[in-house]
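Here's the letter readout for the chains.
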Amino acid sequence: MKLTASVQLCLMMFLEYFVWGAWYVTMSTYMGTHVLASPGSGEFATGIQIGAAYSALAIATMISPFFVGLIADRYFSAQRIMGVLHLIGAVLLFIVTTISNNGPFYWIILFYSLLYMPTIALSNSIAFNQMSDPGKQFPWIRVFGTLGWIVAGLLIGFLKWEKTGQTGYTFYLAAGASALLGIFSFFLPNTPPKATSGQSSAAKALGTEAFVLFKNKAYLIFFIAAILVCIPLSFYYGFANKFLNEIGMQSAASKMILGQISEAVFILAIPFLFYRIGVKKMLLMGMIAWMLRYICFAYGNIHANLWMLYTGILLHGVCYDFFFVTGYMYTEKKAGAAIKNSAQGLFTFATYGVGMFIGTWFSGFVVDSYKVYNPANEQHNWTKIWFVPAYIALGVLVYFILFFREKRSATSLQVSA
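Describing helix α2 (residues 27–34)
Every α-helix winds through 3.6 residues per turn, so residues three or four apart in the chain are directed the same way.
Thought 1: α2 sits mainly inside the fold: six of its eight residues count as buried.
Thought 2: Restricting attention to buried positions, one finds in α2 the residues Met 27, Ser 28, Thr 29, Tyr 30, Met 31 and Gly 32.

Some details on empty space enclosed by the protein
Thought 1: Summed over the entire model, instances satisfying the criterion amount to two cavities of 30 Å³ or more.
Thought 2: Space inside the largest cavity adds up to approximately 120 Å³.
Thought 3: Surrounding the largest cavity, Gly 21, Tyr 24, Val 25, Trp 149, Gly 153, Ile 156, Tyr 236, Tyr 237, Ala 253, Met 256, Ile 257 and Gln 260 form its lining.
Thought 4: Counting only elements with at least two residues in the lining of the largest cavity, the list comes to α1 (3–24), α6 (134–159), α9 (217–246) and α10 (252–266).
Thought 5: Considering every element that reaches the lining of the largest cavity, the biggest residue donor is α10, with four residues.
Thought 6: Grouping the amino acids of the lining of the largest cavity by side-chain chemistry returns nine nonpolar, three polar and no charged.
Thought 7: Within this model, the second largest cavity holds a volume of roughly 40 Å³.

A short note on the packing of α2 against α9
Thought 1: Contact geometry of α2 with α9 gives a least axis separation of 7 Å together with a crossing angle of 60 degrees. For the element pair α2 / α9, the angle class is oblique. Here Ser 28, Thr 29 and Gly 32 of α2 come into contact with α9, specifically with Gly 238, Phe 239, Asn 241, Lys 242 and Asn 245.
Thought 2: Of the residues in the contact of α2 with α9, the class split is one nonpolar, six polar and one charged.

Brief notes about the nonpolar core
Thought 1: Core analysis: the biggest nonpolar cluster contains 137 residues, and Met 12, Trp 23, Phe 105 and Phe 222 have the highest contact counts within it.
Thought 2: Examining the composition of this core, we find that 19 residues originate from one element, α9, more than from any other.
Thought 3: Setting aside its immediate chain neighbours within four residues, Trp 23 contacts Leu 57, Leu 93, Ile 109, Tyr 112, Phe 171 and Ala 174.

Conventions adopted
Residues numbered from 1 in each chain as written. Predicted model: local features only at pLDDT ≥ 70, side-chain atom pairs only at ≥ 80, totals over all residues. Heavy atoms only, no water. Buried < 20%, exposed > 50% of the residue type's maximum accessible area, 1.4 Å probe, protein only. Helix = DSSP H or I, 4+ residues; strand = E, 2+ residues; numbered from the N terminus. 1 Å grid on protein atoms, 1.4 Å probe; cavity = no way out; pocket = protein on both sides within 12 Å on 5 of 7 lines; lining within 4 Å. Points joined across faces, edges and corners; volume = space filled by probe spheres on them. Nonpolar A, V, L, I, M, F, W, Y, C, P; charged D, E, K, R; others polar. Axes fitted to C-alpha atoms, helices over the stretch in contact; angles between N-to-C directions. Parallel < 35°, antiparallel > 145°, perpendicular 65-115°, else oblique. Contact = heavy atoms within 4.5 Å. Core = buried A, V, L, I, M, F, W, Y, C linked by side-chain atoms within 4.5 Å.

In structure tokens form, the structure reads like this:
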């Protein structure tokens, strides 16, 4: 791959995830201080409404394969359609700052999510199309996406845009980056449309060909566990920033970047551990980390137990990498070369689509259930809130230990615990 193409792809990935990180992490805090629950109510968005807003990306995840498989892959060059989507998205991110009521706010976030989520697959397609050895080259390109998310959080924290009247600036920042990426996309290496039938393209994107994997009991048990683990994941994505700001942590968004740094570090250990200790033990470590994270959040505070808050954030690397990244690797090994693309599409649809949709709505109900009346400002009983995802993680852990059995075989790289 040429140096010029490498630099272009690195910048593309950086901006792609910078946009996401700039508005997504702090949206719960923004809605709780700037978006009214209903016109003229005087009360800001409820936990249910915040959860619904976060569910927009889950809905988009379930719908975007249709767009990529049936339209983008067949009729348009990937870099051009990505440019158009980001330019329209920039306009929507700007408009959302002018909305003060939850109803219109939700629909704009949903519309934006439907435009943004296909660009994840499109950016990957553009990158892979330029690579001679994707297995070695893609991780070095993709890591710039993590760096983009990190830089967005650090910048927001440094500028103190979370809890001030300038909170809408996070959306302005995302809109500006989206517009820049939209323009830049038209100068990316050409990725022409694929000459595939709509039926086969959609089937592969949605993963219907991979239903055969459910005949394997071990994979079916894992698949169900993956959907259930998305419920605890939703609590973190949707309400961790709101929680940290509510208890008084300064520049919470920049502190949460430690989670992405942890993710980048722990992902380096996965190839080694995957073959040494086996998939079951790695998945168990991931689930235990989810439970420990929420226990730390439940008992953490900004005084004597500040270390527990940082521990909960730093555990993100183990939580995410040891379950979801390992899950993608396990899915690929189970599927084999013939249906691996469909299998990955199915896993993404089930976790970031179905699982996150359930989790975002459920987490909103839980947060509202433990709201504490305070005329001065909104407060919650976060100790009780965080115990809910901790118990769910514990339940999934017990379920997985009791039912998951992965046999050692000559063709399998997994090791039974």
